[in-house]
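Residue-level structural notes
Take a look at the letters that make up each chain.
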Amino acid sequence: MESKITHLDKQGNPTMVDVSAKQVTHRTATAQSIVALPPEVLQLLADGELQSKKGAVFQTAIIAGIMAAKKTGDLIPLCHPLGMDNCMINISLNEEDEVVINCTASITAKTGIEMEALVGASVAALTVYDMCKALSHDIVIKETKLISKTGGKRDFKRT
């Protein structure tokens, strides 16, 4: 199977992918970022929320993630600017007391929405870091990954 980079033309120059011949379908994508907080930050967790001098950390991260997902076409070169139908961010703690950020975006369009979900989860994680860094710089954004996508040529679900 030959690998093909989609953002290069026949001459190897950067190009936006031409989606004009694609069918409009309903597309969804969920991405996840995980943030490890040190104990001195975790001890400030109350009722599922961290409070900082800048305000409620998780609520601010949700807003930042949604705002970033909406701007993905401005942030990622050659990424199509999309008008999302929806974007939801959920923040919780896992069994290791890590912050788990899930961003799910959806659209009915000719191109997918994975980048919007990935950007939303990433910026929400960066916002958690920014709002907590005064407490500790021992915060680690461990990973950001695509969890699932539907619509388009093929669906994907991480197992």
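Below: a short report on this structure. In this text, all values refer to a predicted model and were calculated from it rather than measured experimentally. (Residues numbered from 1 in each chain as written. Predicted model: local features only at pLDDT ≥ 70, side-chain atom pairs only at ≥ 80, totals over all residues. Heavy atoms only, no water.)

Notes on the sheet that holds strand β1 (residues 25-36)
- Strand order in the open sheet formed by five strands is β5-β6-β1-β7-β8, and the pairing between neighbours is antiparallel. The open sheet has two edge strands, β5 (86-93) and β8 (156-157), and neither has a second partner.
- Here helix α4 (residues 114-132) sits on the sheet and contacts β1, β5, β6 (98-109) and β7 (140-150); the angle it forms with β1, its principal contact strand, is near 25°. (Pairing = 2+ DSSP bridges. Helix = DSSP H or I, 4+ residues; strand = E, 2+ residues; numbered from the N terminus. Contact = heavy atoms within 4.5 Å. Axes fitted to C-alpha atoms, helices over the stretch in contact; angles between N-to-C directions.)

Some words on the pattern of salt bridges
- Tallied over the full model, the rule gives four salt bridges.
- Close ionic contact of E98 with K142 constitutes a salt bridge, the shortest N to O distance being 2.4 Å. Taken as a pair, E98 in strand β6 and K142 in strand β7 lie far apart in primary sequence, 44 residues in all.
- Taking the relative accessible area as the measure of exposure, E98 reaches 10% and is therefore buried.
- Classification of K142 as partly exposed rests on a relative accessible area of 48%. (Salt bridge = Lys/Arg side-chain N within 4 Å of Asp/Glu carboxyl O. Buried < 20%, exposed > 50% of the residue type's maximum accessible area, 1.4 Å probe, protein only.)

So, the side chain of T72
- Here T72 shows up in helix α3 (residues 72-75).
- Taking relative accessible area as the criterion, T72 reaches 1% and is therefore assigned buried.
- T72 has contacts with C79, M115, E116 and V119, leaving out every residue within four places of it along the chain.

Observations regarding the side chain of R27
- If you trace the backbone, R27 turns up in strand β1.
- No salt bridge is formed by the buried R27; its nearest oppositely charged neighbour, E114, is found at 6.3 Å.
- Looking at R27, its side chain comes within polar contact range of the main-chain oxygen of A109, at 3.0 Å.
- Dropping the residues within four chain positions of it, R27 is found in contact with A105, S106, I107, A109, K110, T111, G112, I113, T150, G151 and G152. (Lys, Arg positive; Asp, Glu negative; His and termini not counted. Polar contact = N/O pair within 3.5 Å; in protein donor to acceptor, adjacent residues only side chain to side chain.)

Considerations on α4
- Here α4 spans 27 Å end to end across 19 residues, near enough to the 27 Å set by a 1.5 Å rise per residue.
- Listing the buried residues of α4 in full gives E116, A117, V119, G120, A121, A124, A125, T127, V128, M131 and C132. (Expected span 1.5 Å × (residues − 1).)

Things to note about a positive patch on the surface
- On the surface, a cluster of positive charge is made up of K4, K10, K22, K153 and R154.
- With respect to the helices, strands and loops of the structure, K153 is situated in the loop between β7 and β8. (Patch = residues over 30% accessible without salt bridge, like charges linked within 9 Å, V, L, I, M, F, W, Y side chains within 5 Å. Areas by Shrake-Rupley, 256 points an atom, 1.4 Å probe, with all protein chains shown as cover. Charge placed at Lys NZ, Arg CZ, Asp CG, Glu CD.)

Quick word on the pairing of β5
- Bridge analysis of β5 against β6 gives eight bridges, and the strand direction is antiparallel. Bridge pairing in β6 links M88 to T104.
- Linking two consecutive strands that pair antiparallel, namely β5 and β6, is a turn of four residues; a positive phi of about 60° is found at D97 within it.

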